[in-house]
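Residue strings, one per chain:
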Amino acid sequence: MNLYTPILVLGAIAAVFAVGSVGIALLIGPRRYNHAKLEAYECGIEPMDPSDPAVAATAQRFPIKYYLTAMLFIIFDIEIVFLYPWAVAFESIGTFGVIAVALFLFNVSVAYAYEWRRGGLVWD
């Protein structure tokens, strides 16, 4: 049980911090809300009612290209994070480790080729 004591203490500290943060926010947070505070924030653009005919005539779809680019960055950034330990321990992992990394790189290469083929890397 002595081996698990630091983990339990850390879990207790995390739980107290989480519950305490929410409790303090409820105690000292603002009590009066206005209409602007309750609206969703969308890049500084004021939300418009789509049922209004004047708004419906000029409404445009919101482009999601930025978010797709961000997701691609996250996916390929995670790939690099997985390759760091492999590069550090390359000499000691043996054949199994090399095969595992080769399969991982093949998997990511297939995803990259698919994304390239679908036009996800066109930046205009």
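Residues numbered from 1 in each chain as written. Predicted model: local features only at pLDDT ≥ 70, side-chain atom pairs only at ≥ 80, totals over all residues. Heavy atoms only, no water.

Going by the annotation in an unreviewed UniProt entry, the name recorded for the protein is NADH-quinone oxidoreductase subunit A, with Mycolicibacterium aurum given as the source organism. On record in UniProt, under Subunit (unreviewed entry), the comment for the protein is "NDH-1 is composed of 14 different subunits. Subunits NuoA, H, J, K, L, M, N constitute the membrane sector of the complex." Under the UniProt heading Catalytic activity (unreviewed entry), the note attached to the protein is "a quinone + NADH + 5 H(+)(in) = a quinol + NAD(+) + 4 H(+)(out)". (UniProt positions renumbered as here; feature names shortened; annotations may be inferred.)

Draft legend 1. View of helix H5 (residues 94–117). Given a rise of 1.5 Å per residue, 24 residues ought to cover 34 Å, and the 35 Å separating the end C-alpha atoms of H5 matches this to within 8%. The set of residues buried in H5 consists of Gly 97, Val 101 and Val 108. Its buried side turned inward, H5 meets helix H4 (65–88). Directly beyond the C-terminal end of H5, a positive phi value near 90° is found at Gly 119. (Helix = DSSP H or I, 4+ residues; strand = E, 2+ residues; numbered from the N terminus. Expected span 1.5 Å × (residues − 1). Buried < 20%, exposed > 50% of the residue type's maximum accessible area, 1.4 Å probe, protein only. Contact = heavy atoms within 4.5 Å.)

Draft legend 2. Expanded view of the UniProt feature "transmembrane region" (unreviewed entry) in the protein. Here the UniProt-annotated "transmembrane region" (unreviewed entry) positions come out as residues 6–28, 66–87 and 93–114. Here residues 66–87 runs as 100% helix and 0% strand, with 31 Å between its end C-alpha atoms. In this annotation, residues 93–114 is assigned 95% helix and 0% strand; the end-to-end C-alpha distance for the span is 30 Å.

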